Amino acid sequence: MSFGRMPIANGFLTREQFATEYFFDLQVGFCESCGMVQLTERVDRERLFNETYPFFTSTSSRMVKHFTEFADEIRTRHLTSSDPLVVEIGSNDGTLLSSFAKAGQRHLGIEPSSNVAEEARRRGVQTLCAFFDESLAKRIASEHGPADVLVGANVMCHIPDLHAVAKGARVLLKPEGVLVFEDPYLGEIVQKVSYDQIYDEHVFYFSLGSLSRLFEQYDLEVYDVRPLEEHGGSMRYYVGRKGRHAVSSAVEDLRAHERALGLHRRDTYETLRTRIERSRDALKDLLVRLRKEGKRIVGYGATSKSTTVTNYCGITPDLVEFVSDTTPIKQGKYTPGVHIPVRPHGEFSARYPDCALLFAWNHAGEIMAKEPQFRAAGGRWIVYVPQVQILS
Ligand code: TYD
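On a predicted model such as this, the values are computed, not experimentally measured, just so you know. (Residues numbered from 1 in each chain as written. Predicted model: local features only at pLDDT ≥ 70, side-chain atom pairs only at ≥ 80, totals over all residues. Heavy atoms only, no water.)

## Some points on the overall build of the protein chain
Across its full length, the protein chain holds 14 helices and 17 strands. A globule of 392 residues ought to have a C-alpha radius of gyration of about 21 Å, and the protein chain, at 21 Å, matches this closely. The C-alpha extent of the protein chain, read off along each of the three principal axes, is 65 × 50 × 40 Å. Relative to its 392 residues, the protein chain shows a buried fraction of 56%. Across the protein chain, the fraction of contacts at a sequence separation of at least 24, relative to all contacts at a separation of at least 6, is 67%. For the protein chain, the accessible area works out to roughly 16100 Å², and carbon and sulfur atoms hold 48% of it. Side-chain charges of the protein chain comprise 48 positive and 51 negative groups, with the mean position of each set lying 2 Å from the other. (Helix = DSSP H or I, 4+ residues; strand = E, 2+ residues; numbered from the N terminus. Rg over C-alpha atoms; globule rule 2.2 N^0.38 Å. Buried < 20%, exposed > 50% of the residue type's maximum accessible area, 1.4 Å probe, protein only. Contact = heavy atoms within 4.5 Å. Areas by Shrake-Rupley, 256 points an atom, 1.4 Å probe, with all protein chains shown as cover. Lys, Arg positive; Asp, Glu negative; His and termini not counted. Charge placed at Lys NZ, Arg CZ, Asp CG, Glu CD.)

And the structure:
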């Protein structure tokens, strides 16, 4: 399926940069033989992950809590040897690893975006500014010894060469070591029509079926899975050397769920395409109608996901006045492609709009809980996942 010309999803830009903005064809394909759903054209990784990467995990209190719990689980379930080592791929601002750093445990973050890596170091998290692959895994293993856990949160689906990661995991992990990672789950995207997960950074849309096929090539297997609510519906996968861990019943349950959803069949994605097109038309029609009625609409959360929505649906500044966002590096800039101004949250609360278009719908609970005054002032939330609607 093609979404047309798209800018870089996290490429928030200044007015001076409009003329040189980079666009590419956003297309996603399904491979009938290996079951993988993935982008068919990729953007150079250095364009995406560099010294201006604007995503900081710690901007969401819910994500901070989530990573604290994730760290606790890793510690109690997988770090049982003496003086264990945990390595994180794509460690961002160190939110997950800070828990191990504080406890004085051996840890190492691998983060290619230098600005977020620097923030992690400031927090006392040991961080290497690099992309993870087999040769880096060898280097880490020789300098630090083998790892008990290799972890990745919302990072594996960003890595075009997944084979390099699987090979790296084999090199770096102890025989009983675990690769544990979580990413947005394809089954949720299909069920919720959350097509906004599809953007440049997300090269892959994983299912248990596609990952199992990948790992079995390296004598690795997914031995446990755990559904998560994060990022609009994610899955945590636990991978180890084949036969080293008991395979949980959750794995078989998820396999059955994927068969029922038809994730292995082409027609599932043809139906999804039609549902995406309907969602696009319904959202655009709603915004146009509200503007004709004279309503002010402001976007809430300048997410990377929203870049796909705004550009695919044609949501321009005449429909959405500005996007409120708490991330300082995004404020004062413009959203990619359609160039809607990004403003600090204070501008949202100083003069509430009639409607807030919830681009950060994956944080709906957290956001709505802290915006009762917007509702009290008569403000209405517009959402588009799982369907386009004004919340009553
Ligand atoms: P995120 O959910 O990580 O989405 P994506 O991966 O698509 O970028 O990003 C959330 C964005 O929303 C981030 O820019 C911070 C912003 N935000 C707010 O402005 N207010 C909030 O209360 C929350 C939770 C997030």
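From this point, the narrative continues.
## Some remarks on the side chain of Glu-201
Mapping Glu-201 onto the fold places it in the loop between α7 (186–192) and β9 (204–205). No salt bridge forms around the buried Glu-201; measuring N to O, its nearest opposite-charge neighbour Lys-330 is 8.9 Å away. Among the polar contacts listed, one links the side chain of Glu-201 to the side chain of Asn-10, at a separation of 2.9 Å. With residues near it in sequence (within four places) discarded, Glu-201 still touches Asn-10, Leu-48, Phe-49, Tyr-53, Cys-157 and His-158. (Salt bridge = Lys/Arg side-chain N within 4 Å of Asp/Glu carboxyl O. Polar contact = N/O pair within 3.5 Å; in protein donor to acceptor, adjacent residues only side chain to side chain.)

## Notes on the site of the ligand
Around the ligand sit 20 residues, and of these Ser-304, Asp-325, Lys-330, His-363 and Lys-370 come closest. Here an oxygen atom of the ligand and a backbone polar atom of Thr-326 are 3.0 Å apart. Relative to its free-state accessible area of 560 Å², the ligand is covered by the protein chains to the extent of 96%. Top element by residues in the shell around the ligand is helix α13 (residues 364–370). It accounts for 3 residues. (Near = heavy atom within 4 Å.)

## Thoughts on the sheet that holds strand β14 (residues 342–343)
Strand order in the open sheet made by the 6 strands is β14-β13-β12-β15-β16-β17, with mixed pairing throughout. On the outer flanks of this sheet lie β14 and β17 (389–390), each paired with one strand and no other. Two strands pair when backbone bridges link them, and strand β12 (residues 297–300) and strand β13 (residues 323–324) are joined in this way by 2 bridges, in the parallel orientation. Along β13, the bridge assignment pairs Gly-299 with Val-323. Across the sheet, helix α10 (residues 266–292) touches β12, β15 (355–358), β16 (380–383) and β17, and the angle it forms with β16 is around 155°. (Pairing = 2+ DSSP bridges. Axes fitted to C-alpha atoms, helices over the stretch in contact; angles between N-to-C directions.)

## Digging into the packing of helix α5 (residues 134–144) against helix α6 (residues 162–172)
Interhelical geometry of α5 versus α6 gives an angle of 15° and a closest axis separation of 8 Å. Relative to α6, the element α5 lies roughly parallel. Pair α5 / α6 crosses with right-handed handedness. From α5, Glu-134, Ala-137, Lys-138, Ile-140 and Ala-141 reach across to α6, where they touch Ala-164, Lys-167, Gly-168, Val-171 and Leu-172. (Parallel < 35°, antiparallel > 145°, perpendicular 65-115°, else oblique. Left-handed = near helix turned anticlockwise from the far one by under 90°.)

## Overview of the pattern of salt bridges
This model, assessed by the stated rule, comprises 30 salt bridges. Where Glu-32 meets Arg-266, a salt bridge forms, and the shortest distance between an N and an O atom there is 3.5 Å. One end of the pair, Glu-32, is in the loop between β2 (23–30) and β3 (37–39); the other, Arg-266, is in helix α10, and 234 residues separate them in sequence. Here Glu-32 falls in the exposed class, since its relative accessible area comes to 53%. A relative accessible area of 46% places Arg-266 in the partly exposed class. Here Glu-221 ties to Lys-242 by a salt bridge, and the two come within 3.8 Å at their closest N and O atoms. In this pair, Glu-221 sits in strand β10 (residues 220–228) while Lys-242 sits in the loop between β11 (234–241) and α9 (249–261), placing the two residues 21 residues apart along the sequence.

## Points about the sheet that holds β2
Across the sheet, 4 strands lie side by side as β1-β2-β3-β9; this open sheet has antiparallel pairing. Each edge of the open sheet carries a strand with a single partner, namely β1 (2–7) and β9. Note that β3 and β9 share 2 bridges and pair antiparallel. Within β9, the position partnered with Gln-38 by the bridge is Phe-204. The sheet contacts of helix α11 (residues 304–313) involve β1 and β2, and relative to β1 the element is tilted by about 110°.

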